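Remarks on the overall topology
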Amino acid sequence: MTTLILAEHDGKQIAAATLHAVSAAQKLGSVHILVAGSDCSDIAEQAGKINGVEKVLYAEAPHYAEPLAEEIAPLLVSLSGSYRYLAAAADSFGKNIMPRVAALLNCSQISDLTEILDEKTFVRPTYAGNVFVTVSSDETKLVLTFRSSAFDKAEYGNQSISVENVPSIPAKNQSRFVSRKLTQSDRPELTQARVVVSGGRALGSKEKFDELLIPLTDVLGAAIGASRAAVDAGYAPNDCQVGQTGKIVAPELYIAVGISGAIQHVAGMQDSKVVVAINKDPDAQIFNVVDFGVVGDLFEIIPKFTEILKKALNA
């Protein structure tokens, strides 16, 4: 069985989520990867160096310069003939494109896979991660998305697989790219960080959110996360949201500051190796999923915690 993975990239680098998808797809057999873009043949060459990738397809056209689902989905469908599986990471990129692919192919999509049992049987979460279901399908073609935090990241090797150029599909012109506004940060990317510090609505304001959490993340070299309530209140940008409707993270250390522990938030961080929570409410739901919990005033605890860490790390 062969899987064709759609590569996510920014024109300079393949996204880490795609490396996780490659690792997952290897459990199903051979792995091919599709790079679509404009003037980014170096990305295709980069894809050929990923361990486990046996073939690289490269489609170049001006209308692939931005990953518009209305343009990329028909391309993937046009190349689907010999593949049993068409796949991508279960992030915003994959969630936007792959359902369109499944619709165009009139086949099933099995989303957010966390485990592959065999060539037709998979495990995925439901009910905000409180239940894991086993799904089996005998269809001859399937569209899959993989949860990055559930699979190791494929590494780059020394091999260099030749790139096969494939024809583009004429532009559909059903949508157009207008602009992109990105949050610039020197901190690690949220879904790839070894340490994540997340703040909740209890911080009270954006000023307090930044005042307390930024020094702590600087000391730990951590990424900043936030609960949905904190994002909705304007304390942090949308791309910091951790949870079922945000980003799924699984760092080595997750520190939850002033987060109550709503089901949708826990669904986004429950795979973290070690979880620490600081909350003044001893009955907060977050304490049900932590390894270490501190009950107290976060406005007193966080500055002290940060100072202790500074001294310990500089000793």
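In case you missed it, the structure is sitting above this.
Below is a summary of the structure that appears in this document. (Residues numbered from 1 in each chain as written. Predicted model: local features only at pLDDT ≥ 70, side-chain atom pairs only at ≥ 80, totals over all residues. Heavy atoms only, no water.)

Here we look at the pairing of strand E13 (residues 253-257)
Burial analysis of E13 places four of its five residues in the buried class, the great majority of the element. For strand E11 (residues 195-199) and E13, the ladder comprises five bridges, and the chain directions are parallel. Bridging from a neighbouring strand, valine 195 pairs with leucine 253 of E13. Sheet analysis places E13 next to strand E14 (residues 274-279), joined by five bridges and oriented parallel. Of the residues in E14, the one forming a bridge with leucine 253 is valine 274. Tracing the backbone out of E13, into helix H7 (residues 263-269) and back to the parallel element E14 gives a crossover that is right-handed. (Buried < 20%, exposed > 50% of the residue type's maximum accessible area, 1.4 Å probe, protein only. Helix = DSSP H or I, 4+ residues; strand = E, 2+ residues; numbered from the N terminus. Pairing = 2+ DSSP bridges. Right-handed = clockwise from strand over helix to strand, strands pointing away.)

Examining the environment of glycine 157
Here glycine 157 is to be found in the loop between strand E9 (142-146) and strand E10 (163-165). Distance in space between the C-alpha atoms of glycine 157 and glycine 48 is 9.1 Å, their sequence separation being 109 residues. Ignoring anything within four residues of it in the chain, the contact list for glycine 157 reads Lys49 and Asn51. (Contact = heavy atoms within 4.5 Å.)

A few points about the pattern of salt bridges
Any two side chains of opposite charge can pair, so long as their charged atoms come close to each other. By the definition in use, this model includes 11 salt bridges. In this structure, lysine 55 and glutamate 164 form a salt bridge, with 3.0 Å as the shortest nitrogen-oxygen distance. With a gap of 109 residues between them, lysine 55 in strand E3 (residues 53-60) and glutamate 164 in strand E10 connect regions that are remote in the sequence. Classification of glutamate 164 as partly exposed rests on a relative accessible area of 36%. (Salt bridge = Lys/Arg side-chain N within 4 Å of Asp/Glu carboxyl O.)

Details of unusual backbone geometry
Excluding glycine, residues mostly have negative phi values, and the peptide bonds linking residues are mostly trans. At aspartate 39, a position not held by glycine, the phi torsion is positive, near 55 degrees. In this structure, aspartate 39 sits in the loop between strand E2 (30-37) and helix H2 (41-47). When its relative accessible area of 66% is taken as the criterion, aspartate 39 is described as exposed. Positive phi is not limited to glycine here, since asparagine 173 has a value of about 55 degrees.

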